[in-house]
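# Survey of secondary and tertiary structure
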Amino acid sequence: MNATDPSAQKKRRLRQYFGAVSKRLRENPHGQGQMPISSRLATWVGILSAMVGGFLGLDTYRTDVAKQVDQSVEKTFDLVHRFNAPEMDGARTRVLSYVYARRYCDARFFSRELTDEDYADVIDFFDLVDSCVDAKLCDRATAERFFTPYANYQWPILQTVVARMRGAEQSLRADSAFGSGMERLAVTPLAAPPCDGNF
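### Structural notes on the overall build of the chain
Across its full length, the chain holds 6 helices and 0 strands. Counting the 199 residues in the chain, one finds 29% classified as buried. Long-range pairs, those at least 24 residues apart, make up 72% of the contacts in the chain between residues at least 6 apart in sequence. By element, 56% of the accessible surface of the chain is carried by carbon and sulfur atoms, the whole surface being about 13800 Å².

### Examining the packing of aromatic side chains
By the definition in use, this model includes 13 aromatic pairs. Ring pairs connect the aromatic residues F83, F125, F126, F147 and Y150, which therefore count as one cluster. The ring of F83 is capped by R92, whose NZ or CZ atom sits 5.3 Å from the centre of that ring. A cation sits over an aromatic face here: R145 above F146, 5.7 Å from the ring centre.

### Overview of helix 4 (residues 116-134)
Helix length check: helix 4, at 19 residues, gives a terminal C-alpha distance of 26 Å against a target of 27 Å (1.5 Å per residue), a fit within 8%. Along helix 4, the residues classified as buried are D118, Y119, A120, V122, I123, F125, F126, D127, V129, D130, C132 and V133. Downstream of helix 4 by a residue or two, K136 has a phi angle that is positive, lying close to 60 degrees.

### Some details on the pattern of salt bridges
Enumeration over the complete set of coordinates arrives at 6 salt bridges. The shortest N-O distance in the salt bridge between R94 and D118 comes to 2.6 Å. Here the residue R94 occupies a position in helix 3 (residues 86-104), and D118 occupies one in helix 4, the gap between them amounting to 24 residues. When its relative accessible area of 23% is taken as the criterion, R94 is described as partly exposed. On the basis of relative accessible area, D118 is assigned to the buried category, the value being 4%.

### Some points on the environment of R184
Mapping R184 onto the fold places it in helix 6 (residues 180-185). On the basis of relative accessibility, which here comes to 54%, the residue R184 falls in the exposed class. With 33 residues separating them in the primary sequence, R184 and A151 have C-alpha atoms 8.5 Å apart. A polar atom in the side chain of R184 sits 2.5 Å from the side chain of D130.

Cut-off values and rules
Within every chain, residues take consecutive numbers counted from 1 along the sequence as written. At least 70 in pLDDT is required for a residue's local features to be given in this predicted model, at least 80 for side-chain atom pairs to be given and counted, and no such filter applies to totals for whole chains, interfaces and linings, which use all residues. By convention in this description, side-chain values take in all heavy atoms of the structure and omit both hydrogens and water. Helix and strand assignments come from DSSP, with helices taken as H or I runs of at least 4 residues and strands as E runs of at least 2, each series counted from the N terminus. Note on classification: 1.4 Å probe, protein chains only; a residue is buried when its accessible area is under 20% of the maximum for its type, exposed when over 50%, partly exposed between these limits. Any two residues whose heavy atoms approach within 4.5 Å are treated as being in contact. Surface accessibility follows the Shrake-Rupley procedure with a 1.4 Å probe radius. Residue values consider only the protein chains on display as shielding. Stacked, edge-to-face and tilted labels apply to pairs of Phe, Tyr and Trp rings (six-membered ring for Trp) whose centres lie within 6.5 Å, assigned for plane angles under 30 degrees, over 60, and everything in between, in that order. For a ring to carry a charge above it, either NZ of a lysine or CZ of an arginine must fall within 6 Å of the ring centroid while also lying within 35 degrees of the normal to the ring plane. Each residue after the first adds 1.5 Å to the expected span of a helix. The rule for a salt bridge is simple: a side-chain nitrogen of Lys or Arg has to be within 4 Å of a carboxyl oxygen of Asp or Glu. The definition of a polar contact used here is a pair of N or O atoms within 3.5 Å, where within protein one atom must be able to donate a hydrogen and the other to accept one, and adjacent residues in sequence count solely through side-chain atom pairs.

Set out below in structure tokens:
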């Protein structure tokens, strides 16, 4: 056996350790000078209590985190439901008519009933979704799964509308944060071809 062999060195150290322990036991067979058994027992009970308490605390923390995740996903699904609700249907459809008209350069898609209020309703909704995600009340992955495709498709067209509404003195949404939610949710915006003509 080689003296530099790591396993041989480990074996030698173990033999030395066990030799020292057995020598102590031979010299003091009844544990004289050691802690009484009740003190040792109390120490072990304290250690076990700390371990059980730590485990229970960790389990409670995991349960709380799971509830928060479930609630944030649930809140996001509530927003999806509100977006698809009949109350949003009119504004959503009229705004989409403008997006289609601009994307396909065809004014026949455009709804003449479209108003700035329709733009504001749809764009404000995306701002609401973004704020909910930013505040960690809504689940980011779920929100992006449902709202990013809309934002990717609409933002390249609606960004000019947002800029116009931000800059107008007599506007429903003249603040600089208006439209930032749709802009942030548009992770990979789909470029729109330039159109000649006034829609």
